[in-house]
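Chain and residue survey
These are the residues of each chain, in order.
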Amino acid sequence: MIKTYLKNKLPREFYKKDVLTIAKNILGKLLVKIDKENQIVCKIVEVEAYDGIDDEASHSFKGMTNRNKVMFGRAGFLYVYFTYGIHFCANVVTGEEGTGAAVLLRALEPIIGWDVLAMNRYKRKVISEKDKIGLTNGPGKICQALDINRKDNGIDLTEDNIFIANVKNENISVCQSTRIGIKKSVDLPWRFYIKHNPYVSKK
DNA sequence: ATTCCGATTGCCT
DNA sequence: GGCAATCGGAATG
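Quick summary incoming for the structure in this document.

Calculation criteria
Residues numbered from 1 in each chain as written. Chains lettered and ligands numbered in written order. Predicted model: local features only at pLDDT ≥ 70, side-chain atom pairs only at ≥ 80, totals over all residues. Heavy atoms only, no water. Helix = DSSP H or I, 4+ residues; strand = E, 2+ residues; numbered from the N terminus. Rg over C-alpha atoms; globule rule 2.2 N^0.38 Å. Buried < 20%, exposed > 50% of the residue type's maximum accessible area, 1.4 Å probe, protein only. Contact = heavy atoms within 4.5 Å. Near = heavy atom within 4 Å. Polar contact = N/O pair within 3.5 Å; in protein donor to acceptor, adjacent residues only side chain to side chain. Nonpolar A, V, L, I, M, F, W, Y, C, P; charged D, E, K, R; others polar. Salt bridge = Lys/Arg side-chain N within 4 Å of Asp/Glu carboxyl O. Core = buried A, V, L, I, M, F, W, Y, C linked by side-chain atoms within 4.5 Å. Phe/Tyr/Trp six-rings, centres within 6.5 Å; stacked < 30°, edge-to-face > 60°. Lys NZ or Arg CZ within 6 Å of the ring centre and 35° of its normal. Disulfide = S-S within 2.5 Å.

1. Comments concerning the overall build of chain A
When you go through chain A residue by residue, the secondary structure sums to six helices and eight strands. Listing each helix as α and each strand as β along chain A from the N terminus yields α-α-α-β-β-β-β-β-α-α-α-β-β-β. Relative to its length of 203 residues, chain A is compact, with a C-alpha radius of gyration of 16 Å against a globular reference of 17 Å. Dimensions of chain A, computed from the C-alpha atoms along their principal axes, are close to 45 × 35 × 35 Å.

2. Topic: the side chain of Arg-106
For Arg-106, the position within the fold is in strand β5 (residues 101–112). Its relative accessible area of 9% is what places Arg-106 among the buried residues. Here Arg-106 is in contact with Glu-46, Val-47, Glu-48, Thr-136, Asn-137, Gly-138, Pro-139, Ile-142, Ile-180 and Ser-201, once residues within four sequence places are set aside.

3. Overview of the protein's contact with DNA strand C
Neighbouring DNA strand C are the residues Lys-62, Thr-65, Arg-67, Phe-82, Tyr-84, Gly-85 and Ile-86. At a separation of 2.3 Å, a base oxygen of DNA strand C approaches a polar backbone atom of Tyr-84. Note that a base oxygen of DNA strand C is positioned 3.4 Å from one of the backbone N or O atoms of Gly-85. Its residues assigned to classes, the surface near DNA strand C comprises three nonpolar, two polar and two charged.

4. A word on the pattern of salt bridges
All told, the structure shown has eleven salt bridges when counted by the stated rule. Among the salt bridges present, the one from Lys-125 reaches Asp-115, with a minimum N-O distance of 3.7 Å. Here Lys-125, found in the loop between α4 (114–122) and α5 (129–134), pairs with Asp-115, found in helix α4; they are ten residues apart in sequence, far enough to count as distant. Its relative accessible area of 40% is what places Asp-115 among the partly exposed residues. Among the salt bridges present, the one from Lys-151 reaches Asp-152, with a minimum N-O distance of 2.8 Å. One network of salt bridges, with partners in common, ties together Glu-46, Glu-48, Arg-106 and Arg-191.

5. Considering the nonpolar core
In terms of nonpolar packing, the biggest core is built from 43 residues, with Ile-44, Val-47 and Leu-146 touching the most fellow members. Considering every element that reaches this core, the biggest residue donor is strand β2 (residues 39–51), with six residues. Ignoring anything within four residues of it in the chain, the contact list for Leu-146 reads Leu-31, Lys-33, Ile-40, Cys-42, Leu-108, Leu-117 and Asn-120. Counting residues in hydrophobic clusters, the runner-up holds twelve residues, among them Ala-57, Phe-77, Tyr-79 and Val-93.

6. Some words on the packing of aromatic side chains
According to the stated counting rule, one finds three aromatic pairs in the structure shown. Geometrically, the ring pair formed by Phe-14 and Tyr-15 is edge-to-face, given 5.3 Å between the ring centres and 90 degrees between the ring planes. Measuring from centroid to centroid gives 5.0 Å for Phe-82 and Phe-88, while their planes differ by 45 degrees, and the two rings are tilted. Under the relative-accessibility criterion, Phe-88 is labelled buried at 16%. Positioned above the aromatic ring of Phe-82, the side-chain terminus of Arg-150 is 4.9 Å from the ring centre.

7. Focus: the protein's contact with DNA strand B
Near DNA strand B you find 20 residues, and of these His-59, Tyr-81, Asn-91, Gly-140 and Lys-141 are the closest. Here DNA strand B approaches the protein such that, of its atoms within 4 Å, sugar and phosphate make up 52%. Contact between DNA strand B and Ala-57: a base nitrogen at 3.2 Å from a main-chain N or O atom of the residue. Interatomic distance of 3.1 Å between a backbone N/O atom of Lys-141 and a phosphate oxygen of DNA strand B. Mapped onto the surface near DNA strand B, the elements with two or more residues apiece are β4 (87–94), β5 and α6 (139–145). Looking at the surface near DNA strand B, its residues break down into ten nonpolar, six polar and four charged.

8. A short note on the state of the cysteines
Per the counting criterion, the structure on display carries zero disulfides. Between Cys-89, a cysteine without a disulfide, and Cys-143, which holds the nearest cysteine sulfur, the sulfur-to-sulfur distance is 6.0 Å.

Here you go:
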């Protein structure tokens, strides 16, 4: 089971492409986290692209700082930042080194590891359908559910215990829209999501 | 040193 | 729909 995911782990080359291409292509693939106690597998169903060139909403727009330096590093690493004094958000670094482009993970659909996700989010196991959806239907919720935080900023998605696995026969209809929760570059249509998926945020 | 404010969430009306 | 919570990075003095 886990062997299969490991075998299908996306290689560095996948992440070196253009951020918009990767944002589209990453939908339907599996975010996997494996450690001694737990195995978590979730389908990626909603993402947004951020690119420091023309994108004023991107953390990388004004150049490299101590906070955003991972974004300017090699593709295939995880950029995790703290926001609103409460939440973490996770991004996949893309493109050539120095580009400052990344894909924000906005929503996941749990496949394996429901109890761990629920304990991390609610301190109890899931009971209702509403609880299930609330598990991973937002960028901050994802990080809480998978216990992704400061310690994971800068981890390598091709080497460490969090990675993305390819899936065969992806039968997905990808939708596109403007991004959520930003005040700059609001018209760039750089949000991508899987149609009719209950974990995707409404807009 | 101080101020501003955010790639969010959850609770309240 | 509105809005408070709560922290730290970045800008400004």
